[in-house]
Amino acid sequence: MTIANDRLLRILYEGRPIDKLATAEALHAELAPRLKALPPLAAELDGLRLECRTLAGQMEAMQLGRLCSRCAARPDGGCCSALMADNTDALQILINLLLDVPVAVRSESGENCCFLGPTGCPFPAKPIFCLNYNCSHILTGAAPADLAVLYRRAATVLSRQTRIEDLLLDAVRDRIRPAP
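The model shown is predicted, which means the values in this text are computed figures rather than measured ones. (Residues numbered from 1 in each chain as written. Predicted model: local features only at pLDDT ≥ 70, side-chain atom pairs only at ≥ 80, totals over all residues. Heavy atoms only, no water.)

Engineer: Describe the packing of helix H2 (residues 17-37) against helix H5 (residues 90-98), and please don't skip the residues or the numbers.
Structural biologist: Direction vectors running N to C along H2 and H5 enclose 50 degrees, while the axes themselves pass 9 Å from each other. Between H2 and H5, the angle is such that the two are oblique. At the point where H2 passes H5, the crossing takes the right-handed sense. On the side of H2, the interface is formed by Lys20, Leu21, Thr23, Ala24, Glu25, Leu27, His28, Ala32, Leu35 and Lys36, while H5 contributes Ala90, Ile93, Leu94, Leu97 and Leu98. Along the lines of polarity and charge, the residues of the contact of H2 with H5 split into 10 nonpolar, two polar and three charged. (Axes fitted to C-alpha atoms, helices over the stretch in contact; angles between N-to-C directions. Helix = DSSP H or I, 4+ residues; strand = E, 2+ residues; numbered from the N terminus. Parallel < 35°, antiparallel > 145°, perpendicular 65-115°, else oblique. Left-handed = near helix turned anticlockwise from the far one by under 90°. Contact = heavy atoms within 4.5 Å. Nonpolar A, V, L, I, M, F, W, Y, C, P; charged D, E, K, R; others polar.)

Right, here's the structure in full:
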């Protein structure tokens with residue numbers, strides 16, 4: 001099957017979160033065994049797992065869960081933005097599926113991010129907007145040295161995710177190219 005590049009990009013990056021999840025799940029079902037066997041991608045996923053744990057450790061050390069939960073507990077809270085789910089693309093979701101993270105859309109999410117679960121965000125690999133940590137509560141409540149470490153670790157995760165997205169995009173393009 002041949003899909004024009006611009007249509008492919010629309011399929012992967014546009015649409016409702018539920019549509020992006022369906023696309024990611026279909027790609028995962030079809031490509032996961034092959035993708036996980038690719039040495040560069042397997043190594044990148046292993047590195048991402050470690051870097052996500054390191055970032056989560058920094059967030060825990062800074063007690064961001066406690067800080068962020070104050071906003072999340074408000075009637076209009078949940079995540080830094082109600083529209084965060086719209087910033088998640090099919091490849092981002094696919095990365096989390098390849099990390100063996102169960103991903104589901106919560107229909108009762110209302111205005112909050114529809115991917116948030118009972119314990120918060122299930123994604124170790126997050127959209128760029130979720131890795132900014134530029135909330136005024138964080139900026140005023142954290143020591144500059146801690147923020148510097150947080151930003152370095154978030155940048156490391158984002159860089160790795162970008163490399164993985166590039167590998168996945170190539171694999172998806174290869175999947176749709178007609179055989180010679």
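Engineer: Residue-level account of the confidence of the model for the protein chain, with values.
Structural biologist: Residues at a pLDDT of 70 or more form 82% of the protein chain, whose mean pLDDT is 83. No element of the protein chain has a lower mean pLDDT than helix H4 (residues 64-72), at 67, and none a higher one than H5, at 95. (pLDDT = per-residue confidence, 0-100.)

Engineer: Tell me what's going on with the pattern of salt bridges, and back it up with residues and numbers.
Structural biologist: Scanning all chains against the criterion turns up eight salt bridges. Two residues, Arg16 and Asp19, come together in a salt bridge whose shortest N-O distance is 3.0 Å. The exposure class assigned to Asp19 is partly exposed, which follows from its relative accessible area of 34%. As a salt-bridge pair, Lys36 and Asp100 come within 2.9 Å of each other at their nearest N and O atoms. Separated by 64 residues along the polypeptide, Lys36 in helix H2 and Asp100 in the loop between H5 and helix H6 (136-141) bring together distant segments of the chain. (Salt bridge = Lys/Arg side-chain N within 4 Å of Asp/Glu carboxyl O. Buried < 20%, exposed > 50% of the residue type's maximum accessible area, 1.4 Å probe, protein only.)

Engineer: Tell me what's going on with the packing of aromatic side chains, and back it up with residues and numbers.
Structural biologist: One pass over the structure, following the stated rule, counts one aromatic pair. Look at Phe115 and Phe123: their rings are 5.2 Å apart centre to centre, the planes differ by 45 degrees, and that puts the pair in the tilted class. A residue is classified by how much of its surface remains accessible, and Phe123, at 4% relative accessible area, is buried. (Phe/Tyr/Trp six-rings, centres within 6.5 Å; stacked < 30°, edge-to-face > 60°.)

Engineer: Got a sec to walk through the environment of Ala125? Specific residues and values, please.
Structural biologist: Within the element layout of this structure, Ala125 appears in the loop between H5 and H6. Classification of Ala125 by relative accessible area gives buried; the value is 0%. Among residues more than four places away in sequence, those in contact with Ala125 are Leu48, Cys52, Gln92, Ile95, Asn96, Leu99 and Gln161.

Engineer: Any chance you could break down the nonpolar core for me, citing the residues and the numbers?
Structural biologist: As a rule of thumb, soluble globular proteins bury nonpolar side chains together. If you look at the biggest cluster of nonpolar residues, it comprises 47 residues, and the most contacted ones within it are Leu48, Ile93, Ile95, Val103, Phe115, Tyr133 and Leu168. Counting residues per element, this core draws most heavily on helix H7 (residues 144-176), at nine residues. Setting aside residues up to four positions removed in sequence, Tyr133 forms contacts with Leu55, Met59, Leu64, Lys126, Ile138, Leu139, Leu150, Tyr151 and Ala154. (Core = buried A, V, L, I, M, F, W, Y, C linked by side-chain atoms within 4.5 Å.)

Engineer: Pulling in residues and values, what's your account of H5?
Structural biologist: With nine of its nine residues buried, H5 lies for the most part within the structure. Within the sequence span of H5, burial applies to Ala90, Leu91, Gln92, Ile93, Leu94, Ile95, Asn96, Leu97 and Leu98. By the N-cap criterion, in which a side-chain oxygen at the helix start approaches the backbone nitrogen of a residue two or three places on, H5 is capped by Asp89, the distance to Leu91 being 3.0 Å. The positive-phi residue at the C-terminal boundary of H5 is Asp100, with phi of around 65 degrees. (Polar contact = N/O pair within 3.5 Å; in protein donor to acceptor, adjacent residues only side chain to side chain.)

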